[in-house]
Each structure stands twice: as C-alpha cells, then as structure tokens.
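Residue-level structural notes
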Amino acid sequence: MSYLQMAKEWEVKRKSQVKQEPVQVIDFASEAAIVKATLSWQGIAVIQSNTLGEVVYWARDETEATKAPQGAVVYTLSELRELARGNPTREMLQQIHEAKRIFNGKVVENSKNPFENT
C-alpha cells in the first residue's frame, strides 16, 4: 500500500471520528476586524474559507490551537504569516491545506528543513 493510499484511508477514518459541533462561522473577507478581535480575546477564531471550501480555525499560537475540536484544521498566526509571505495562488493554498489536513502538518518558513527534527 502506498503512503498516499494510507493517508487517504487515515483521512476517511479521521473524518468519521470528527465530532460536528455548531460553530459561529466568520466570513474573513468582510470581517477582518472581528477576526482580529476574536483572536485577541479568545485566542482562536472559526473561519469559513471560500478558497478552501470548508471551516478552518485560526489560532494565536500553538497553545490556543488546542482549543479547536479534535481533527479540525488549525492555522496559527505564524503559519498564516508564512502563507501570506509566499503569496500562493488559490490552487497552491488548496494543495497546502490538503497536505496539512491529511498529514496534520504545519506551514513552516520556506528556508527551514521540514525534516530537521525527525
């Protein structure tokens, strides 16, 4: 079995275990000020991403990211800064998100070796 097949099977299993809870969804394109305030007060915000076609969480840092439901995709502010710095296309964002979701990955600085701690 290939790693991609294993990842896809793991993703199907993970999705079946994710608890769906009602969430307040923020359209980040028009509500940037609310998102900023929410991150400041609560440390985490729920985002309905039109680009990704799903709900994701933005967290102030790794500690605040633990507030998201298990199995949710969470982007910390440092990850969002790296994404913005790279100026990715819509397709690139979708690919990055898919990899992050499947492998529970992190967006790191482009010059860093993602395997340095393995």
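In the block above lies the structure referred to throughout.
These notes cover the structure that comes with them. (Residues numbered from 1 in each chain as written. Predicted model: local features only at pLDDT ≥ 70, side-chain atom pairs only at ≥ 80, totals over all residues. Heavy atoms only, no water.)

Focus: the nonpolar core
In globular proteins that are soluble, nonpolar side chains generally tend to be buried together. For clarity, the cut-off: In this text, buried Ala, Val, Leu, Ile, Met, Phe, Trp, Tyr and Cys residues form a nonpolar core when linked through side-chain atoms within 4.5 Å. To sort residues, take the accessible area from a 1.4 Å probe on protein chains only and compare it with the maximum for the residue type: under 20% means buried, over 50% means exposed, and anything in between is partly exposed. In DSSP terms, a helix is any run of H or I states spanning at least four residues, a strand is any run of E spanning at least two, and both are numbered starting from the N terminus. Contacts are assigned to residue pairs that have any heavy atoms within 4.5 Å of one another.
If you look at the biggest cluster of nonpolar residues, it comprises 11 residues: Val35, Leu39, Ala45, Ile47, Val56, Trp58, Val73, Tyr75, Leu80, Leu83 and Val107. If you list the elements that add at least two residues to this core, you get helix H2 (32–42), strand E1 (44–49), strand E2 (54–59) and helix H4 (77–86). Discounting chain neighbours no more than four positions away, the residues touching Val56 are Ala45, Val46, Ile47, Val73, Tyr75 and His97.

Things to note about the pattern of salt bridges
To keep things clear, this is the line we draw: We define a salt bridge as a side-chain nitrogen of Lys or Arg found within 4 Å of a carboxyl oxygen belonging to Asp or Glu.
Scanning the model with the defined rule gives 7 salt bridges in all. In this structure, the salt-bridge partner of Arg101 is Glu54, at a minimum N-O distance of 3.9 Å. Note that Arg101 is positioned in helix H5 (residues 90–103) and Glu54 in strand E2, a separation of 47 residues in sequence. Overall, the relative accessible area of 24% leaves Glu54 in the partly exposed class. Between Lys100 and Glu79 there is a salt bridge; the shortest N-O distance is 2.8 Å. Remark: Glu79 occurs in helix H4 and Lys100 occurs in helix H5; sequence separation between them is 21 residues. Overall, the relative accessible area of 3% leaves Glu79 in the buried class. Several salt bridges converge on common partners, so that one network encompasses Glu54, Glu98 and Arg101.

These figures come from the coordinates and say nothing about function on their own.
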